[in-house]
Amino acid sequence: RIATLADMHGHYPDEPLDADLILLAGDLLLDADECGGDQARWFTRNLVPWLARQRAPVVAVYGNHDHVLQSFPDLAKQGRWTFLMDETVEVAGLKIHGAPWPRDGGDAELEPRWRLIPENLDILLLHSPPRNFGDWCNGHLGPTSLLRYWGIRKPTLTVFGHNHEGYGRWEF
C-alpha cells in the first residue's frame with residue numbers, strides 16, 4: 001500500500017498514514033508568507049516531527065514552493081525520510097528515482113536531468129508532470145523532454161503534483 005501526497009503546502013493529516021510506503025511529490029512546506037518568511041524554522045518544528053510519527057518509510061522530492069529546501073538542500077537531511085534530487089534508491093523493495101525539478105526550466109535545460117532516469121524503474125517521483133499528462137493550466141505546461149524519457153524508461157508508477165488543475169489518474 002502506497003500513500004501519495006503532493007502539494008500539501010504544509011497541511012498534513014494529524015494521524016500517521018496507514019501505508020507501507022509514503023511518497024511526497026513536492027510543495028511540502030507552508031508558503032513563506034504563511035510562516036513569517038521562515039520556512040526552515042517551520043520545517044524543523046512541523047514537518048520533521050510529522051515525519052517522525054510515520055510508521056512507513058517516506059520518500060520525497062521538493063516542489064517550486066519549497067524554497068528553503070532548494071536553497072539549502074542539507075536541511076533536508078533532517079527528518080526520517082529519503083529526500084531525492086536526481087537520485088535512485090531502493091526502499092521497501094522498490095526502485096525509486098526522484099527528480100524534483102519544476103517546469104520553470106526550459107526543455108533544453110531540463111533534458112540532462114531526465115537522462116538520469118534509469119531503466120527498470122518501479123517508481124518515478126517528480127514534482128512536475130510530463131507534457132500532456134496532468135499538466136493543463138491554461139495550456140499544456142509539462143516538459144516535452146520529460147515526456148520523451150518517461151516514454152522510454154516506462155516506470156511502473158509515476159507520482160507528481162504541481163498543477164492543481166491536473167489532478168487525477170493518468171495512464172501512458
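Data block above holds the structure.
Remember, it's a predicted structure, so these values are computed and weren't measured experimentally.

Calculation criteria
Residues numbered from 1 in each chain as written. Predicted model: local features only at pLDDT ≥ 70, side-chain atom pairs only at ≥ 80, totals over all residues. Heavy atoms only, no water. Buried < 20%, exposed > 50% of the residue type's maximum accessible area, 1.4 Å probe, protein only. Helix = DSSP H or I, 4+ residues; strand = E, 2+ residues; numbered from the N terminus. Pairing = 2+ DSSP bridges. Phe/Tyr/Trp six-rings, centres within 6.5 Å; stacked < 30°, edge-to-face > 60°. Expected span 1.5 Å × (residues − 1). Bend = angle between axes of the 7 residues up to and from the residue.

Asks: Outline the pairing of strand β3 (residues 58-61), supporting the account with residue identities and numerical values.
Replies: Where burial is concerned, the two faces of β3 agree: the one with V58 and A60 and the one with V59 and V61 are both buried. In this sheet, β3 lies alongside strand β2 (residues 21-25) in parallel orientation, the contact comprising four bridges. Within β3, the residue paired with A25 across the bridge is V61. Pairing of β3 with strand β4 (residues 82-83) involves two bridges; the strand directions are parallel. Residue pairing for β4: V59 is matched across the bridge by T82.

Asks: Any chance you could break down the packing of aromatic side chains for me, citing the residues and the numbers?
Replies: Under the criterion given, the structure shown has four aromatic pairs. Centroid distance F43 to W81: 5.8 Å. Interplanar angle 35°. Geometry classified as tilted. Here the residue F43 occupies a position in helix α1 (residues 39-53), and W81 occupies one in the loop between α2 (67-71) and β4, the gap between them amounting to 38 residues. Judged by relative accessible area, F43 falls into the buried class, the value being 0%. With a centroid separation of 6.3 Å and 25° between ring planes, the pair formed by Y62 and F83 is classed as stacked. Of this pair, Y62 sits in the loop between β3 and α2 while F83 is found in strand β4, placing the two residues 21 residues apart along the sequence. Exposure remark for Y62: the relative accessible area of 4% places this residue in the buried category. Counting every residue linked through ring pairs, the aromatic cluster contains F43, Y62, W81 and F83.

Asks: Tell me about α1, and please be specific about residues and values.
Replies: The terminal C-alpha atoms of α1 lie 20 Å apart, and with 15 residues this matches the ideal 21 Å at 1.5 Å per residue to within 8%. At L47, α1 is bent by approximately 30°, the largest bend along its length, and proline P49 sits one to four residues beyond. Taken together, the buried positions of α1 are occupied by Q39, W42, F43, L47, V48, W50 and L51.

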